[in-house]
Amino acid sequence: MSDADADALVVRGGTVHTQTEQGTIEGDVLVVDGEIAAVGEVDPPADATEIDATGLEVTPGLIDAHSHAGMAEWGEPEDADINEGTSATTPHVNALDGFHPRDEELKGAFQNGVTTVSARMGSGNVIGGIICSMKTYGTVADRMFIREDGMKAAMGENPKRFHGEREGRQPSTRPGVAATLREELMATEDYIEAREHARENGEPFERDLGRENLARVIEGDLPLRVHAHRSDDIMTVFRIAEEFDVDALSIEHATEGHVVADEFAARDVPAIVGPSLYSGAKYELRNITFETPGILHEAGVTVAIQTDAPVLPQKHLDVCVGLAVREGFPEEAALDAVTTNPAEILGIRDRVGDLAAGTDADLVAWDGPFHEMDTRSQFVVADGEVVFDRERDDVDPREEYAW
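By convention here, each chain's residues receive numbers from 1 onward along its written sequence. Owing to the predicted nature of the model, reporting of local features is limited to residues with pLDDT of at least 70; listing and counting of side-chain atom pairs is limited to 80 or more, with chain, interface and lining totals taken over all residues. Based on all heavy atoms of the structure, the side-chain values leave hydrogens and waters out of the count.

- Under an unreviewed UniProt entry, the name given to the protein chain is Amidohydrolase family protein, and the source organism is Halobaculum halobium.

Written out as structure tokens, the structure reads:
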């Protein structure tokens, strides 16, 4: 296909934050067939669509590394598809099978610059199931899918309450949560050994979907992503990971991550922090603070910032970053926390997180620094398509308001 036959778009004259070795430049972004083709001085096809970004700041599309957007049915929490509550361990389920592309949370996401989320199972179960990196714009989940990026697990009060309040159901204590996770990982080690023995000896073997998924965790193919707020729960995760030699790991929420920042750094474990704009809904959140990202960053930890949507609206990921900056998170690291860092943590850096040639053409033009409170997205491009233009698509809420 010649350039003349390609579907081309050029974003002209913006301050472009490439998130690559090019750094921040004044220049253009050329998009061809849904991918970034060039950044800086570009030579677009004669029939390329042009967008004037003069005076605007252009960034990669933002990434939320911990979200339930598409899973929790905006405005209908009782219909949420995030916890398969029939058992405390459900490694056999997959978030892709519950992802709803028409969830209103996703519309708010892409209109406000969040073009990728890690859509995940909930924290009601000790092991919740496979989670997936998804685009926020689209109509078919399979086409929005990027990759399976982890196995959800949870410590602390959520699984204790979700299962412990049901008569005879384990876990009901923190030791019970830890023991449940250990039992599943130990049984999976035995499963792997039996599977290998059967293969080596040409014997029949009955497969188990949940064990196959957990085997990917043990073997390092699927990271274990663990919901943990309190510092003691975080240390329990580290302890269990070391016992089972699980290296592919992230801590989700990390509410008291600042208490054990050096422990994160020593193990090179990333922290996906938030939502820090939250009330004291449970005791384990009593030390919540927007200072956590900055303290972890200073210790050398890779930090991503999350909304946990719909706990916080997905569209306000930029607000969460701004509040972290106000409380000590370095401004120069702000964009990393919602682009390159989550892309690396989720294993999707080859697709999203920067404006390098060959990556998906997801980009946002803002009328100021993206994390400042009065900044707004002006237009959003997802996979090379202009999916939001504020001049064209912004609606006065007074025009929609009705009793």
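Now that the structure has been shown, we can carry on.
## Digging into the overall build of the protein chain
Next up, step 1: A helix here means a DSSP run of H or I that spans at least four residues, while a strand means a run of E at least two residues long, and both kinds are numbered starting from the N terminus. Counting its regular elements, the protein chain contains twelve helices and 16 strands.
Next up, step 2: For this measure, only C-alpha atoms enter the radius of gyration; the expected value for a globule follows 2.2 Å times N^0.38, where N is the number of residues. Radius of gyration (C-alpha) of the protein chain: 22 Å, near the 22 Å computed for a compact globule of 403 residues.
Next up, step 3: Taken along the three principal axes of its C-alpha coordinates, the protein chain extends 65 × 55 × 50 Å.
Next up, step 4: Note on exposure labels: buried denotes an accessible area under 20% of the residue type's maximum, exposed denotes more than 50%, and partly exposed covers the range between, all computed with a 1.4 Å probe on protein chains only. Across the 403 residues that make up the protein chain, the buried fraction comes to 57%.
Next up, step 5: Should any heavy atoms of two residues lie within 4.5 Å, those residues are considered in contact. Long-range contacts, defined as pairs at least 24 residues apart, comprise 67% of the intrachain contacts of the protein chain with a sequence gap of at least 6.
Next up, step 6: Side-chain charges in the protein chain split into 33 positive and 81 negative, and the spacing between the mean points of these groups amounts to 6 Å. Under this rule, positive means Lys or Arg and negative means Asp or Glu; His and the chain ends count for nothing. To locate a charge, the coordinates of NZ of Lys, CZ of Arg, CG of Asp or CD of Glu are taken.

## Let's talk about empty space enclosed by the protein
Next up, step 1: In this analysis a 1.4 Å probe is tested at points of a 1 Å grid over the protein atoms alone, and where it fits but cannot get out there is a cavity; an open set with protein on both sides within 12 Å along at least five of seven lines is a pocket; lining residues have an atom within 4 Å of a point. Grid points are joined across faces, edges and corners, and a volume is the space filled by probe spheres set on the points. Applying the stated criterion to the full structure yields two cavities of 30 Å³ or more.
Next up, step 2: Quantified by volume, the largest cavity comes out at close to 50 Å³.
Next up, step 3: Lining the largest cavity we find His253, Thr255, Val273, Gly274, Pro275, Ser276, Ile288, Thr289 and Thr292.
Next up, step 4: Its residues assigned to classes, the lining of the largest cavity shows three nonpolar, six polar and no charged.
Next up, step 5: Volume-wise, the second largest cavity comes out at about 30 Å³.
Next up, step 6: Under the scheme applied, nonpolar residues are Ala, Val, Leu, Ile, Met, Phe, Trp, Tyr, Cys and Pro; charged residues are Asp, Glu, Lys and Arg; polar residues are all the others, including Gly. Partitioned by chemical class, the residues of the lining of the second largest cavity number two nonpolar, three polar and three charged.

## Some thoughts on the pattern of salt bridges
Next up, step 1: Within this document, salt bridges are pairs made up of a side-chain nitrogen of Lys or Arg and a carboxyl oxygen of Asp or Glu, the two lying within 4 Å of each other. Applying the stated criterion to the full structure yields 27 salt bridges.
Next up, step 2: Note that Arg267 and Glu242 form a salt bridge whose closest N and O atoms lie 2.8 Å from each other. One end of the pair, Arg267, is in helix α7 (residues 261-267); the other, Glu242, is in helix α6 (residues 231-243), with 25 residues separating them in the sequence.
Next up, step 3: Linked by salt bridges that have partners in common, Lys135, Arg351, Asp360, Asp362 and Asp383 make up one network.

## Examining the layout of surface pockets
Next up, step 1: By volume, the second largest pocket is sized at about 570 Å³.
Next up, step 2: Per-class residue counts for the lining of the second largest pocket are 13 nonpolar, twelve polar and six charged.

## Focus: the packing of aromatic side chains
Next up, step 1: Ring pairs shown here join Phe, Tyr and Trp side chains whose ring centres sit within 6.5 Å, with only the six-membered ring taken for Trp; geometry is labelled stacked below 30 degrees between planes, edge-to-face above 60, and tilted in between. Tallied over the entire structure, the rule returns four aromatic pairs.
Next up, step 2: When the centroid spacing of 6.0 Å and the interplanar angle of 55° are considered together, the rings of Trp366 and Phe370 count as tilted. Assigned by exposure class, Trp366 and Phe370 land together as buried.

## Let's talk about the side chain of Glu184
Next up, step 1: Its place among the elements puts Glu184 in helix α4 (residues 174-200).
Next up, step 2: Take Glu184: its relative accessible area is 14%, and that puts it in the buried class.
Next up, step 3: Polar contact is defined as a pair of N or O atoms within 3.5 Å, subject to the rule that within protein one atom must be able to donate a hydrogen and the other to accept it, and that residues adjacent in sequence are counted only when both atoms are side-chain atoms. Within the structure, Glu184 has its side chain in polar contact with the side chain of Arg211 (distance 2.9 Å).

## Quick word on the nonpolar core
Next up, step 1: Residues belong to a common nonpolar core when they are buried Ala, Val, Leu, Ile, Met, Phe, Trp, Tyr or Cys residues joined through side-chain atoms within 4.5 Å. In terms of nonpolar packing, the biggest core is built from 79 residues, with Ile251 and Phe264 touching the most fellow members.
Next up, step 2: It is helix α9 (residues 317-326) that provides the largest number of residues to this core, a total of seven residues.
Next up, step 3: Those residues in contact with Ile251 that sit more than four places away from it in its chain are Val226, Ala228, Ile234, Val237, Phe238, Phe264, Val269, Pro270, Ala271 and Ile272.
Next up, step 4: Within the second largest apolar cluster, 18 residues are counted, among which are Ile25, Val31, Ala365 and Val381.

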